[in-house]
Amino acid sequence: AAIAAELESHETDLRTTMERNTAAIDSRASRDLMLAVVISLGVLALLAGFLFLLARSIRTSLGRVEHRATTIATVELPSIVAMMRTEGDLAQVPTIEEIPVETGDEIGRLSAAFNELHRTAVRLASEQAMSRAVVATCSSTSAAATRSS
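## Topic: the side chain of His 118
Mapped onto the elements, His 118 comes out in helix α2 (residues 106-148). On the accessibility criterion, His 118 (3% relative accessible area) is buried. The residues contacting His 118, other than those within four sequence positions of it, are Ile 72, Glu 76, Leu 77 and Ile 96.

As structure tokens, this is what we get:
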């Protein structure tokens, strides 16, 4: 009976120790889980903020390129072509305001390509205006020569 009571006492002590250890492990695991959740949410918030800033930067850059391209296509290029048709000095190609190239990424390369396209269009318009002037001069010279013959 004394041995049974001693075994029962050890069993109770072991059970109590195991319950305390289990509670401590559960408490640590819960705390670690909460810490992991808080860190994960913080990282997600930082990532969301970074992605928001990146999207806004891209949208702003593309908006500038779009606005400038629309202004060039609907206002500046037609007025340059009209000026070349009406003014006598066709040798001087008007200067154009380029889209600022601020980065070397895709948007910066798009801006640079559009600037080159704009320069080419103005140059071609100038060459076409000079060709028309030469043809007009030749025609008037030919007409004058035909009348005097």
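Back to the text.
## Overview of the pattern of salt bridges
Scanning all chains against the criterion turns up seven salt bridges. Among the salt bridges present, the one from Glu 76 reaches Arg 68, with a minimum N-O distance of 2.8 Å. Taking the relative accessible area as the measure of exposure, Glu 76 reaches 18% and is therefore buried. For Arg 68, a relative accessible area of 11% gives the class buried. A salt bridge links Arg 119 to Glu 116; the shortest N-O distance between them is 2.6 Å. Placement of both Arg 119 and Glu 116 in helix α2 is noted, with a separation of three residues, approximately one turn of the helix.

What counts, and where the lines are drawn
- Residues numbered from 1 in each chain as written.
- Predicted model: local features only at pLDDT ≥ 70, side-chain atom pairs only at ≥ 80, totals over all residues.
- Heavy atoms only, no water.
- Helix = DSSP H or I, 4+ residues; strand = E, 2+ residues; numbered from the N terminus.
- Buried < 20%, exposed > 50% of the residue type's maximum accessible area, 1.4 Å probe, protein only.
- Contact = heavy atoms within 4.5 Å.
- Salt bridge = Lys/Arg side-chain N within 4 Å of Asp/Glu carboxyl O.

Just geometry here; none of it tells us what the structure is for.
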